[in-house]
Amino acid sequence: DQQVKQNSPSLSVQEGRISILNCDYTNSMFDYFLWYKKYPAEGPTFLISISSIKDKNEDGRFTVFLNKSAKHLSLHIVPSQPGDSAVYFCAASARNYGQNFVFGPGTRLSVLP
Amino acid sequence: DVKVTQSSRYLVKRTGEKVFLECVQDMDHENMFWYRQDPGLGLRLIYFSYDVKMKEKGDIPEGYSVSREKKERFSLILESASTNQTSMYLCASSFRLSNQPQHFGDGTRLSIL
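This section reports on the structure supplied with the text. (Residues numbered from 1 in each chain as written. Chains lettered and ligands numbered in written order. Predicted model: local features only at pLDDT ≥ 70, side-chain atom pairs only at ≥ 80, totals over all residues. Heavy atoms only, no water.)

### Concerning the overall build of chain A
As a reminder of what qualifies: Comment: elements are numbered from the N terminus, with helices defined as DSSP H or I runs of at least four residues and strands as E runs of at least two. Both definitions apply: the radius of gyration is a C-alpha atom measure, and the globule rule equals 2.2 Å times residues to the power 0.38. Whether a residue is buried, partly exposed or exposed follows from its accessible area with a 1.4 Å probe, protein chains only, as a fraction of its type maximum: under 20%, in between, or over 50%, in that order. Throughout, the Shrake-Rupley method with a 1.4 Å probe supplies accessible areas, and for residues the shown protein chains are the sole cover considered. Charge counting treats Lys and Arg as positive and Asp and Glu as negative, with His and both chain ends excluded. A charged residue contributes its charge at one atom only: NZ of Lys, CZ of Arg, CG of Asp or CD of Glu.
Tallying secondary structure elements over chain A gives zero helices and 11 strands in all. Scaling as 2.2 N^0.38, a compact globule of 113 residues should have a C-alpha radius of gyration of about 13 Å, and chain A matches this with 13 Å. Within chain A, the proportion of its 113 residues that are buried is 48%. Surface exposure of chain A reaches about 5300 Å², of which carbon and sulfur atoms provide 49%. In chain A, which carries 11 positive and 9 negative side-chain charges, the distance between the mean positions of the two groups comes to 2 Å.

So, in structure tokens, the structure goes:
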């Protein structure tokens, strides 16, 4: 049973528009969440994180929103650029899980020029 | 900048061979991890280590073992390679403090024939 779900395997967005990537989790003990971006033939790169004491974290064009009651987080990219085309992984951890993360299956984002 | 280096980008081995995947990090991280990435399944944790000589099983340890003789180096061993171990293997490292992102290498694409 997947504890971290990304229900959209792929997403296409026009350049300049907003990209919204979604992630749902089942374990209420998760208290730290991250987004990673992965290009083909490269390792995942850390993008942005959020702690459960917050409901929003922003870094430039990237904003992560956390809705604890719904066990849902989302990554917003505004404006989207062709270089954002990649696979995005959501990951979660809990204090009693040590420093281990549980990763979602990923969403492939294509930003069309 | 954190550097996690995996010894091979591509590797082709035969069924039954013993396979070694090497990973080195240069940031004095205490934690090191081995994942495999398969389409639709995201990143799954094979083994991890919080310190030299220490190792812990992840979610899918069967058919694998690890070695951590030095802090900067974490090796993944396929004792007798099988075709279902064909995958992308990713090494990661992080500080021991909680809420720290993991930093990944570029991966080894392993094919078992």
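### Overview of the environment of Asp106(B)
Quick note on the threshold: In this analysis, two residues are considered to be in contact whenever any of their non-hydrogen atoms come within 4.5 Å of each other. Pairs of N or O atoms within 3.5 Å make up the polar contacts considered here, provided that, within protein, one atom can donate a hydrogen while the other can accept it, and that residues adjacent in sequence are counted only when both atoms are side-chain atoms.
Among the secondary structure elements, Asp106(B) is positioned in the loop between strand S10 (103-104) and strand S11 (108-112). Using a relative accessible area of 35% as the deciding quantity, one classes Asp106(B) as partly exposed. A C-alpha to C-alpha distance of 6.9 Å links Asp106(B) and Gln6(B), two positions 100 residues apart in sequence. Beyond its immediate stretch of four places on either side in the chain, Asp106(B) contacts Ala41(A), Glu42(A), Gly43(A), Val4(B), Gln6(B), Arg9(B) and Leu90(B). A distance of 3.3 Å separates a polar atom in the side chain of Asp106(B) from the backbone nitrogen of Gly43(A).

### Overview of the interface of chain A and chain B
Put simply, the rule is: Summed over both partners, the accessible area (1.4 Å probe) lost when two parts come together is defined as the buried area. Every case where a carboxyl oxygen of Asp or Glu lies within 4 Å of a side-chain nitrogen of Lys or Arg is listed as a salt bridge. All residues other than Ala, Val, Leu, Ile, Met, Phe, Trp, Tyr, Cys, Pro, Asp, Glu, Lys and Arg, Gly among them, are scored as polar; the first ten of these are nonpolar and the last four charged.
Counting residues at the interface gives 20 residues for chain A and 25 residues for chain B. Counting each side, the surface lost to burial between chain A and chain B is near 1800 Å², with a carbon and sulfur contribution of 52%. The tally of links from chain A across to chain B stands at zero salt bridges. Taken together, the connections running from chain A to chain B amount to four residue pairs in polar contact (both at pLDDT 80 or more). Within the side of chain A that touches chain B, the residues separate by chemical class into 11 nonpolar, six polar and three charged.

### As for the environment of Tyr35(B)
Structurally, the position occupied by Tyr35(B) is in strand S4 (residues 31-38). For Tyr35(B), a relative accessible area of 0% corresponds to the buried category. Separated by 23 residues in sequence, Tyr35(B) and Gly58(B) place their C-alpha atoms 8.9 Å apart. Not counting chain neighbours up to four residues away, the residues in contact with Tyr35(B) comprise Phe101(A), Phe103(A), Leu43(B), Arg44(B), Leu45(B), Ile46(B), Met88(B), Tyr89(B), Leu90(B), Ala92(B), Gln102(B) and Phe104(B). For Tyr35(B), the side chain forms a polar contact with the side chain of Gln102(B), separated by 2.7 Å.

### Some points on the sheet that holds strand S1 (residues 4-6) of chain B
Residues and elements named next belong to chain B. Quick note on the threshold: Here, strands pair whenever DSSP counts at least two bridges between them. Structural elements are reduced to axes, namely lines fitted to C-alpha atoms, with helices fitted over the stretch in contact, and the angle between N-to-C directions of any two is expressed from 0 to 180 degrees.
In space, the four strands of this open sheet follow the order S1-S3-S8-S7, with antiparallel pairing throughout. The open sheet terminates on both sides in strands that have one partner only, identified here as S1 and strand S7 (64-70). Averaged over neighbouring strand pairs, the angle between their axes works out to 20° when direction is ignored. Across three bridges, S1 lies against strand S3 (residues 19-25) in antiparallel orientation. Bridge pairing links threonine 5 to valine 24 in S3.

### A word on the layout of surface pockets
Our working rule: Cavities and pockets were defined on a 1 Å grid built from protein atoms only: a cavity is a group of points that admits a 1.4 Å probe but offers it no way out, a pocket is an open group of points flanked by protein on both sides within 12 Å along at least five of seven lines, and a lining residue is one with an atom within 4 Å of any such point. Grid points are joined across faces, edges and corners, and a volume is the space filled by probe spheres set on the points.
By volume, the largest pocket amounts to about 490 Å³. Lining the largest pocket are 24 residues, and of these Val87(A), Phe89(A), Arg108(A), Gln37(B) and Pro39(B) lie nearest its centre. Contributing elements (two or more residues each) for the lining of the largest pocket: strand S9 (86-93) and strand S11 (107-112) of chain A together with S4 of chain B. Residue classes in the lining of the largest pocket are distributed as 11 nonpolar, seven polar and six charged.

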